[in-house]
Amino acid sequence: MSQTWFHSARKAYFKIILSLLVLSLLVYAFFLIDGIFLHQKINSQSLVLSGQTKIEESYKALTGYNKLQAVKLLEDQQTEIPRSDHINAIIKMLEDIKNVQTSGTIILSDFKVDTDTLSLKGEVSALPILYASDPTKGVVSLLDRFSQLDFIKDIRIQTYDKVGDSGYFQFVLEANIINDGGTQ
């Protein structure tokens with residue numbers, strides 16, 4: 001009885017090893033065939049890609065295509081400045097200045113707006129009108145009024161000169177305009 005059990009155990013081990021060998025051969029054959037199909041698919045996709053690359057190169061050789069790309073690049077870099085909103089805000093502020101009763105006089109002239117800068121020439125009867133604000137009295141200086149505009153930065157009055165014996169001070173206010181239409 002021990003010999004038959006020995007032969008049957010050997011037979012069982014043989015069958016298990018034979019089944020594992022057959023199974024591993026089948027798995028190897030599957031991956032081999034799958035690799036062949038994958039290689040064929042890669043080759044066909046490479047042919048499609050090379051054809052599309054040739055078409056793209058022929059388009060790039062055309063002068064119209066180059067001009068189109070240059071126009072697209074310029075359009076991407078183009079920024080729009082909401083000029084009408086900015087000008088309306090400045091006009092409203094200047095109208096407010098005319099209607100404010102201050103202890104002095106403001107005379108504004110030579111208002112210039114460029115794409116990057118703004119300049120304003122004027123005369124004041126006293127320097128505090130330019131620089132000093134008093135919230136308790138409702139007095140807002142000219143510099144503070146320009147500072148309230150959200151599209152203006154770096155406001156400066158570089159020089160001011162006394163105009164003869166009149167007591168007036170002539171000044172030039174300059175500021176940079178923030179290009180907020182499109183940030184490039």
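Draft legend 1. Geometry of the pairing of strand E4 (residues 168-177). Of the two faces of E4, only one is covered, namely that formed by Phe 169, Phe 171, Leu 173, Ala 175 and Ile 177; the face formed by Tyr 168, Gln 170, Val 172, Glu 174 and Asn 176 stays uncovered. Pairing of strand E2 (residues 117-124) with E4 involves eight bridges; the strand directions are antiparallel. Bridge pairing links Ser 119 to Glu 174 in E4. Here strand E3 (residues 152-163) runs beside E4; their pairing, made up of eight bridges, is antiparallel. Within E4, the residue paired with Lys 162 across the bridge is Phe 169. Taking the residues that link successive antiparallel strands as the turn, the E3-E4 hairpin has four residues, and the phi of Gly 164 there is positive, at about 50 degrees.

Draft legend 2. Fine view of the sheet that holds strand E1 (residues 106-113). The antiparallel open sheet is built from four strands, whose spatial order is E1-E2-E4-E3. Among the strands making up the open sheet, the edge pair consists of E1 and E3. For this sheet, the mean angle separating the axes of adjacent strands, direction not counted, is 15 degrees.

Draft legend 3. Representation of the side chain of Ser 119. By secondary structure assignment, the location of Ser 119 is in strand E2. Apart from the residues lying within four places of it in its own chain, the contact partners of Ser 119 are Asp 110, Phe 111, Lys 112, Leu 173 and Glu 174.

Draft legend 4. Geometry of the packing of aromatic side chains. According to the stated counting rule, one finds two aromatic pairs in the structure shown. Measuring from centroid to centroid gives 5.4 Å for Phe 30 and Phe 31, while their planes differ by 65 degrees, and the two rings are edge-to-face. Its relative accessible area of 52% is what places Phe 30 among the exposed residues. Classification of Phe 31 by relative accessible area gives exposed; the value is 54%. Between Tyr 160 and Phe 169, the aromatic rings sit 6.1 Å apart at their centres with planes inclined by 80 degrees, giving edge-to-face as the arrangement.

Draft legend 5. Highlighting unusual backbone geometry. Phi at Asp 154 is positive, roughly 50 degrees, even though this residue is not glycine. Relative to the assigned elements, Asp 154 resides in strand E3.

Draft legend 6. Representation of the pairing of E2 within the structure. Bridging between E1 and E2 involves seven bridges; their strand directions are antiparallel. Counterpart to Phe 111 in the pairing with E2 is Leu 120. In textbook terms, the turn of a hairpin is the stretch between consecutive antiparallel strands, and for E1 and E2 this stretch comprises three residues.

Draft legend 7. Just the pattern of salt bridges, in detail. Applying the stated criterion to the full structure yields two salt bridges. For the salt bridge of Glu 56 with Lys 60, the shortest nitrogen-to-oxygen distance reads 3.3 Å. Taken together, the positions of Glu 56 and Lys 60, both in helix H1 (residues 2-61) and four residues apart, correspond to about one turn of that helix. Of the charged contacts in the structure, one is a salt bridge between Glu 174 and Arg 156, with a shortest N-O distance of 3.9 Å. Taken as a pair, Glu 174 in strand E4 and Arg 156 in strand E3 lie far apart in primary sequence, 18 residues in all. Taking the relative accessible area as the measure of exposure, Glu 174 reaches 28% and is therefore partly exposed. Its relative accessible area of 26% is what places Arg 156 among the partly exposed residues.

Reading guide: rules and limits
- Residues numbered from 1 in each chain as written.
- Predicted model: local features only at pLDDT ≥ 70, side-chain atom pairs only at ≥ 80, totals over all residues.
- Heavy atoms only, no water.
- Buried < 20%, exposed > 50% of the residue type's maximum accessible area, 1.4 Å probe, protein only.
- Helix = DSSP H or I, 4+ residues; strand = E, 2+ residues; numbered from the N terminus.
- Pairing = 2+ DSSP bridges.
- Axes fitted to C-alpha atoms, helices over the stretch in contact; angles between N-to-C directions.
- Contact = heavy atoms within 4.5 Å.
- Phe/Tyr/Trp six-rings, centres within 6.5 Å; stacked < 30°, edge-to-face > 60°.
- Salt bridge = Lys/Arg side-chain N within 4 Å of Asp/Glu carboxyl O.

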